[in-house]
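Fold and contact review
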Amino acid sequence: MLAARIFNERVGNEVSTIYGAVTTGSIWKFMKLDGCVITIALTEYYLKEVNKILGILAMGAVSQPIEV
């Protein structure tokens, strides 16, 4: 996420909030980087909750805020 922010700054694209995810393939966690503050969601989403996972990813794709 930090690399994405640095890349965007270098090409002149200021992005205030960057969303990220980490996964083992079956367990997903979400986070956001807002300035210098990272917020990590405590909730773990399991692959059986694929609808929730896809919903969170889709919200980030359309630049909507995600509560983490």
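These lines cover the structure that appears in this document, whether it is placed above or below. Keep in mind that this is a model prediction, so the values were computed, not measured. (Residues numbered from 1 in each chain as written. Predicted model: local features only at pLDDT ≥ 70, side-chain atom pairs only at ≥ 80, totals over all residues. Heavy atoms only, no water.)

Another point: the nonpolar core. By size, the foremost hydrophobic cluster in this structure holds 5 residues: Trp28, Phe30, Tyr45, Ile53 and Ile56. Those elements that provide at least two residues to this core are strand E2 (27-34) and helix H2 (50-61). (Core = buried A, V, L, I, M, F, W, Y, C linked by side-chain atoms within 4.5 Å. Buried < 20%, exposed > 50% of the residue type's maximum accessible area, 1.4 Å probe, protein only. Helix = DSSP H or I, 4+ residues; strand = E, 2+ residues; numbered from the N terminus.)

With that settled, the discussion passes to the packing of aromatic side chains. Note on aromatic pairs: each is described by the distance of the centres and the angle between the planes. A full pass over the atoms with the stated rule returns 2 aromatic pairs. Where Trp28 meets Phe30, the ring centres are 6.2 Å apart and the plane angle is 20 degrees; that geometry is what we call stacked. For the pair shown, Trp28 and Phe30 are each scored as buried. Where Phe30 meets Tyr45, the ring centres are 5.7 Å apart and the plane angle is 65 degrees; that geometry is what we call edge-to-face. (Phe/Tyr/Trp six-rings, centres within 6.5 Å; stacked < 30°, edge-to-face > 60°.)

Right, let's get into the pattern of salt bridges. In the structure shown here, the tally under the stated rule is 2 salt bridges. Glu9 is the partner of Arg5 in a salt bridge, and the nearest nitrogen-oxygen pair spans 3.8 Å. Of this pair, Arg5 and Glu9 both sit in helix H1 (residues 2-10), 4 residues apart, which is roughly one turn of the helix. Assessed through its relative accessible area of 39%, Glu9 is described here as partly exposed. Of the charged contacts in the structure, one is a salt bridge between Lys52 and Glu49, with a shortest N-O distance of 3.6 Å. Accessibility expressed as a relative area gives 22% for Glu49, which makes it partly exposed. (Salt bridge = Lys/Arg side-chain N within 4 Å of Asp/Glu carboxyl O.)

Pairing between strand E1 (residues 17-23) and E2: 7 bridges, direction antiparallel. Among the inter-strand pairings, Ile18 is bridged to a residue of E2, identified as Leu33. Relative to strand E4 (residues 45-46), E2 runs antiparallel, the two being bridged by 2 bridges. Note on E4: the bridge partner recorded for Trp28 is Tyr45. (Pairing = 2+ DSSP bridges.)

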